[in-house]
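# Chains, contacts and geometry: an overview
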Amino acid sequence: MSSNQASHIDQMVADYEMVTRSNTGRSPVDIHPLMTEMRNKCPVMHGDIQQQHGTPSQADYTLSGRPVVTLFRYNDVHTVLKNAKDWENHLFGDGFGDAVDNLLIVAMDGEEHAKLRATLLKPFTRGEVRKQMDSMIRPVVMDEFLAKMRPKGKADLVREFALPFPIRSAYAYFGFPDDEELSSNLASWAIQVVGAPQVDPELAAITVPRSMVAGQAMYDAILPVVQAYRQRGEMRQDIIGHLMQVEHDGSRFTDDQISSLVRSLLLAAGETTTRSFANMMVQLLEHPDVLDEVRQDRSLIPKAVLETLRRDPSTASIARIAARDLEIGGHSIPKGTGILCAVASANRDPEVYEDPDRLWIKRPMRPLLTFGFGPHMCLGMNLALAELEVALDAMLDLPNLRLDPAYPRPVIRGMNLRGPDAVHVLWD
Ligand code: HEM
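In this report, we go over the structure that sits alongside the text. Residue numbers run consecutively from 1 along every chain, following the written order of its sequence. A pLDDT threshold of at least 70 governs which residues receive local features in this predicted model, and a stricter bar of 80 or more applies before side-chain atom pairs are shown or counted, although totals over entire chains, interfaces and linings include all residues. Side-chain calculation: all heavy atoms of the structure are included, whereas hydrogens and water are not.

For the rest of this paragraph, the subject is the coordination of the iron atom of the ligand. Atoms of type N, O and S within 2.8 Å of a metal are treated as its donors, and for Na, K and Ca the window is 3.2 Å; water is not considered, so some sites may appear to be missing partners. For the iron atom of the ligand, the protein supplies a single donor, Cys 378 (SG), at a distance of 2.3 Å. If you trace the backbone, Cys 378 turns up in the loop between α16 (343–346) and α17 (381–396). Put simply, DSSP H or I for four residues or longer makes a helix, DSSP E for two residues or longer makes a strand, and each gets a number counted from the N terminus.

What follows covers the packing of helix α8 (residues 164–174) against helix α9 (residues 180–194). Running from amino to carboxyl end, α8 crosses α9 at an angle of 110°, the nearest separation of the two axes being 10 Å. Considering their axes alone, α8 and α9 lie roughly perpendicular with respect to each other. In this structure, α8 contributes Ile 167, Arg 168 and Tyr 171 to the contact, and α9 contributes Glu 180, Ser 183, Ser 184, Leu 186 and Ala 187. Put simply, Ala, Val, Leu, Ile, Met, Phe, Trp, Tyr, Cys and Pro go in the nonpolar bin, Asp, Glu, Lys and Arg in the charged bin, and everything else, Gly too, in the polar bin. Taken together, the residues that form the contact of α8 with α9 break down as four nonpolar, two polar and two charged. Axis definition: a line fitted to C-alpha atoms, over the contacting stretch in the case of helices. Angles run 0 to 180 degrees between N-to-C directions. Should an angle fall under 35 degrees it is called roughly parallel, over 145 degrees roughly antiparallel, and 65 to 115 degrees roughly perpendicular, with every other angle called oblique. Note on definitions: a residue-residue contact is assigned when non-hydrogen atoms from the two residues lie within 4.5 Å.

You will see that Leu 63, though not glycine, has its phi angle at about 50°, which is positive. By the secondary structure assignment, Leu 63 is in the loop between α3 (49–52) and β2 (68–71). Under the relative-accessibility criterion, Leu 63 is labelled partly exposed at 44%. Only protein chains enter the calculation, and the probe is 1.4 Å; a residue is then buried if its accessible area is under 20% of its type maximum, exposed if over 50%, and partly exposed in between.

A few words now on the sheet that holds strand β11 (residues 402–403). A pair of strands is considered paired only if DSSP assigns at least 2 bridges between the two. Read across the sheet, three strands follow the order β4-β12-β11 without closing on themselves; strand pairing throughout is antiparallel. The open sheet has two edge strands, β4 (154–156) and β11, and neither has a second partner. Bridge count between β11 and strand β12 (residues 424–426): two bridges; the pairing is antiparallel. Its bridge partner lying in β12, Leu 403 is registered against Val 425.

Note on terminology: near, applied to a residue and a molecule or strand, indicates that one of the residue's heavy atoms is within 4 Å of it. Contacts to the ligand come from 26 residues, most closely from His 113, Arg 117, Arg 320, His 376 and Cys 378. In protein, a polar contact requires one atom able to donate a hydrogen and another able to accept it; more generally it is a pair of N or O atoms within 3.5 Å, and residues adjacent in sequence count only if both atoms are side-chain atoms. A distance of 2.7 Å separates an oxygen atom of the ligand from a polar side-chain atom of His 113. Here Ala 268 contributes a backbone N or O atom positioned 3.5 Å from a nitrogen atom of the ligand. Broken down by secondary-structure element, the contributors of at least two residues to the shell around the ligand are α5 (110–120), α12 (255–269), α13 (271–286) and β7 (317–322). Along the lines of polarity and charge, the residues of the shell around the ligand split into 13 nonpolar, eleven polar and two charged.

Along the chain, Ser 188 falls in helix α9. When neighbours within four sequence positions are excluded, Ser 188 is seen to be in contact with Gln 11, Met 12 and Asp 15.

Taken in spatial order, the five strands of this open sheet run β1-β2-β10-β7-β3, and their pairing is mixed. Edge positions in the open sheet fall to β1 (44–46) and β3 (87–88), since each of these has one partner strand only. In this sheet, β7 lies alongside β3 in antiparallel orientation, the contact comprising two bridges. Paired with Glu 88 across the strands is Ile 321, a residue of β7.

Moving on, we get to the nonpolar core. Core analysis: the biggest nonpolar cluster contains 107 residues, and Phe 161, Phe 176 and Phe 277 have the highest contact counts within it. Broken down by element, this core gets its largest block of residues, eleven residues, from α17. Ignoring sequence-local partners within four residues, the contact set of Phe 176 consists of Tyr 171, Leu 182, Leu 186, Ile 222, Val 225, Val 262 and Leu 266. Think of a nonpolar core as a cluster: buried Ala, Val, Leu, Ile, Met, Phe, Trp, Tyr and Cys residues, connected wherever their side-chain atoms sit within 4.5 Å. Leu 81, Trp 87, Ile 318 and Ala 322 belong to the second-largest nonpolar core, a separate cluster that totals 20 residues.

Here we take up the pattern of salt bridges. Note on definitions: salt bridges are taken to be side-chain nitrogens of Lys or Arg within 4 Å of carboxyl oxygens of Asp or Glu. Applying the stated criterion across every chain yields a total of 29 salt bridges. With a shortest N-O distance of 3.0 Å, Asp 76 and Arg 73 are connected by a salt bridge. A relative accessible area of 28% means that Arg 73 is categorised as partly exposed. A salt bridge links Arg 236 to Asp 238; the shortest N-O distance between them is 3.2 Å. The buried category is assigned to Asp 238, whose relative accessible area is 2%. The network of salt bridges with shared partners includes Asp 134, Arg 138, Arg 298, Asp 393 and Asp 397.

Turning to the packing of α8 against α17, a few remarks are in order. Packing of α8 against α17 brings their axes to within 11 Å, and their N-to-C directions diverge by 130°. Between α8 and α17, the angle is such that the two are oblique. Here α8 and α17 pass one another in a crossing that is right-handed. Here Phe 165, Pro 166, Ser 169, Ala 170 and Tyr 173 of α8 lie close against α17, whose contacting residues are Leu 383, Glu 387 and Ala 391. The sense of a crossing depends on the near helix, which, turned anticlockwise from the far helix by less than a right angle, makes the crossing left-handed and, turned clockwise, makes it right-handed.

Below, the structure written as structure tokens:
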């Protein structure tokens, strides 16, 4: 690895750790007992569980003091997420939207959201992603990462795989050129944009201006890629190719609009997958019997991916805002109340999941909330699932993969964006 590549990875690791730290605040090392206690004692809580633990909360990123209610039960979270008319999403961009000119599909509501989502949808459908999985995603994982890792016999999976692989594989699917420096810069800037909201004002004085610079840097790096794509004139089955050809409101997107849309999509594409992969590996490595089960029958890979996403989601909460006076779980909710849906708790609600703490890959699944639900359900879900399946398949090619006893056991931490700092492993 060149020293240039190493410093890009160092920057990504530093940005990733900073986000985990601020998402951890004063929360307990293992948040699940807290989630269980709250679900039992106070399933509809008047207050913000994340702010109470000193971490930034999407329900009030700007610390405006709006009233917030936290929901801990699956059925309440499911009810809110599937009804985007009553429980709106425009608060999502508070705290970092300015860095990307507030063009965030997830922060749009109503007709504006439905129309843009329909325009973007085609390359994100399961059919399209599965068609390209073996040509765009698998070669990146196998040739760029696994082949290089295999002879070493050991690795920190966060640093050497989880951080760089989603950007390399997802960016190939976006239609980006094979440019490692560009990819890692974009990934770092994306983390810096999303990492802007902070509870500590001193930290916010650094992260907020930095996110503005990062947002502009993303745009400036994406625009020439889009312009070069158009000049080549060859339209491929990737996301940029789709955005060049699709019509929205009766006209085609300009290069400026495509660059802004791509920037907005990239914010969602990297870190979420990094953390989901790392959380999946920690859970499987902590349960060698389950890892063996998948090793012996790789057709279980999709189930293992879904079960780990359920049991320890990287995005542990989703926020909404009440569009009018409403009611949830028997509580009146005044218009303008922020709603924090504690997905990490809902995913372990025993009303819905038998023996919810158990890592049980053959469990009967219910609609998964880790990617959200309803009109805003993650647009990139099929891409993320394909990446995670290919990545787990690759890991199973490393014989006798196990935790490295020379390092402390990895801990998944954080109230919202959750993940381990490092996952040190060995193989034969
Ligand atoms: C395992 C990885 C991922 C996780 C856990 C995840 C999680 C989520 C969640 C929870 C939401 C819903 C937010 C809400 O309802 O407020 C969401 C929305 C979204 N995600 Fe993902 N995501 C992942 C990967 C990706 C990827 C790879 C992309 C690719 C571009 C992506 C693009 C989006 C977009 C555009 C939305 C907004 C959809 C809308 O509002 O209609 N995500 N994601």
